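Tertiary structure, described
Listed here are the chains, written in short residue letters.
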Amino acid sequence: TMQSSGHRFRDVEHHPLLAENDSYDSSSSEADMAERVWFIRDGCGMVCAIMTWLLVVYADFVVTFVMLLPSKDFWYSVINGVLFNCLAVLALSSHLRTMLTDPGAVPKGNATKEYMDNLQLKPGEVIYKCPKCCSIKPERAHHCSICKRCIRKMDHHCPWVNNCVGEKNQRFFVLFTMYIALISAHALILCGFQFFSCVRGQWTECSDFSPPVTVILMIFLCLEGFLFLTFTAVMFGTQIHSICNDETEIERLKSEKPTWERRLRWEGMKSVFGGQPSLLWINPFAGFRIRRLVLRAKKGGPEFSV
């Protein structure tokens, strides 16, 4: 413990006293942050994110060109094709917004005398500093070793979206898991109908591809659909449970006693998804604004801004 400006300053990882809405810099800094797109330069995360997109594209290829276009039922092909592709677009849009949205990073190096003076803390009041990124930690913030930042209400770091899931992007992550689960279930149902149709009829007529190629493509799609459905459905349920209980995954695993007043279930949902229940809750494009893309390098961190 060391004395600074009449306040006690501790290098610890948990239990800070700052409120969630405390900000580091002026409105000009906030405007500057608003122009940036968050992106973590982590090799493993970028590979996982690319794999996610490739798997969705593969599923779309098999559903569209192997199962739907060769079908003789026009409306069956149109309805299922439009539905599957709409879900795929919503899933990938949710993935992009999860990956490119600042999850709630605490500004680096804000543990300065000037900032402490601006907090107007009482003499002797304890505040906590993260020794890894030299920032004053708000309540419920945790340090991510991959993002190299303290993240407000950090739930976990997900390599599939190459980002932390935190206060500002949890909504998009929940939508991502929901839409991936839905298209996985849809793909499995279509595979079931296709196998039934091919077995009952002629394999050479149920697809434009040869029977061995058709079977191999559909088997891989079934395996992918089953694995993704299981994983994302469990993750979706876990996220909804955490939101309703106003508790992050880190807090649950560490069995941290709440130092905050927990929100009621619907209050927790509204705080994450915003406002009263509406179709905007399931719209990953809500609040999106096209900004001028000017590439800028950011020193001292694994993310860059555009």
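Procedures and definitions
- Residues numbered from 1 in each chain as written.
- Predicted model: local features only at pLDDT ≥ 70, side-chain atom pairs only at ≥ 80, totals over all residues.
- Heavy atoms only, no water.
- UniProt positions renumbered as here; feature names shortened; annotations may be inferred.
- Axes fitted to C-alpha atoms, helices over the stretch in contact; angles between N-to-C directions.
- Helix = DSSP H or I, 4+ residues; strand = E, 2+ residues; numbered from the N terminus.
- Parallel < 35°, antiparallel > 145°, perpendicular 65-115°, else oblique.
- Contact = heavy atoms within 4.5 Å.
- Nonpolar A, V, L, I, M, F, W, Y, C, P; charged D, E, K, R; others polar.
- Phe/Tyr/Trp six-rings, centres within 6.5 Å; stacked < 30°, edge-to-face > 60°.
- Buried < 20%, exposed > 50% of the residue type's maximum accessible area, 1.4 Å probe, protein only.
- Salt bridge = Lys/Arg side-chain N within 4 Å of Asp/Glu carboxyl O.
- Core = buried A, V, L, I, M, F, W, Y, C linked by side-chain atoms within 4.5 Å.

An unreviewed UniProt entry lists the protein under the name Palmitoyltransferase, from Urocolius indicus. The annotation that UniProt attaches to the protein under Catalytic activity (unreviewed entry) is "L-cysteinyl-[protein] + hexadecanoyl-CoA = S-hexadecanoyl-L-cysteinyl-[protein] + CoA". The annotation that UniProt attaches to the protein under Sequence similarities (unreviewed entry) is "Belongs to the DHHC palmitoyltransferase family."

What follows deals with the packing of helix α6 (residues 211–245) against helix α8 (residues 265–273). Running from N to C, α6 and α8 point in directions that differ by 115°, and their axes come no closer than 7 Å. Judged on the interaxial angle alone, α8 and α6 are roughly perpendicular. Taking contact as the criterion, the partners of I240, I243 and C244 in α6 are, on α8, R265, G268, M269, V272 and F273. Of the residues assigned to the contact of α6 with α8, the class counts are six nonpolar, one polar and one charged.

Once that is clear, we can look at the UniProt feature "transmembrane region" (unreviewed entry) in the protein. Sequence positions flagged by UniProt for "transmembrane region" (unreviewed entry) are, in local numbering, residues 43–68, 74–92, 172–195 and 215–236. As annotated, residues 43–68 has a helix share of 100% and a strand share of 0%, and its two end C-alpha atoms lie 36 Å apart.

A separate point is the packing of aromatic side chains. Considering all chains together, one arrives at six aromatic pairs under this definition. Seen in terms of ring centroids, F173 and F176 are 6.5 Å apart; in terms of plane orientation they differ by 45°. Their pairing is tilted. In this pair, F173 and F176 are both assigned in helix α5 (residues 170–200), three residues apart and thus about one turn of the helix distant. With relative accessibility at 2%, the residue F173 sits in the buried group. Its relative accessible area of 6% is what places F176 among the buried residues.

Next up on the list: the pattern of salt bridges. In total, this model carries four salt bridges according to the counting rule given. As a salt-bridge pair, E249 and R252 come within 2.5 Å of each other at their nearest N and O atoms. Taken as a pair, E249 and R252 lie in helix α7 (residues 249–253) at a separation of three residues, close to a single helical turn. The exposure class assigned to E249 is buried, which follows from its relative accessible area of 15%. The partly exposed category is assigned to R252, whose relative accessible area is 39%. The salt bridge partner of K270 is E267, with a shortest N-O separation of 3.3 Å. Here E267 and K270 lie together in helix α8, a separation of three residues that amounts to about one turn. Several salt bridges share partner residues, and in doing so they unite R140, K153 and D246 into one network.

In this section: the side chain of Q239. The topology assignment puts Q239 in helix α6. The buried category is assigned to Q239, whose relative accessible area is 1%.

Now for the nonpolar core. With 37 residues, the main nonpolar core has V63, M67, F173, I180, L221 and F273 as its most contacted residues. Breaking this core down by element, the ones donating at least two residues are α2 (43–68), α3 (74–100), α5, α6 and α8. Among residues more than four places away in sequence, those in contact with F273 are R171, V174, L175, I243 and W281. In terms of nonpolar packing, the next biggest core, distinct from the first, is built from nine residues, I40, A105, M154 and I250 among them.

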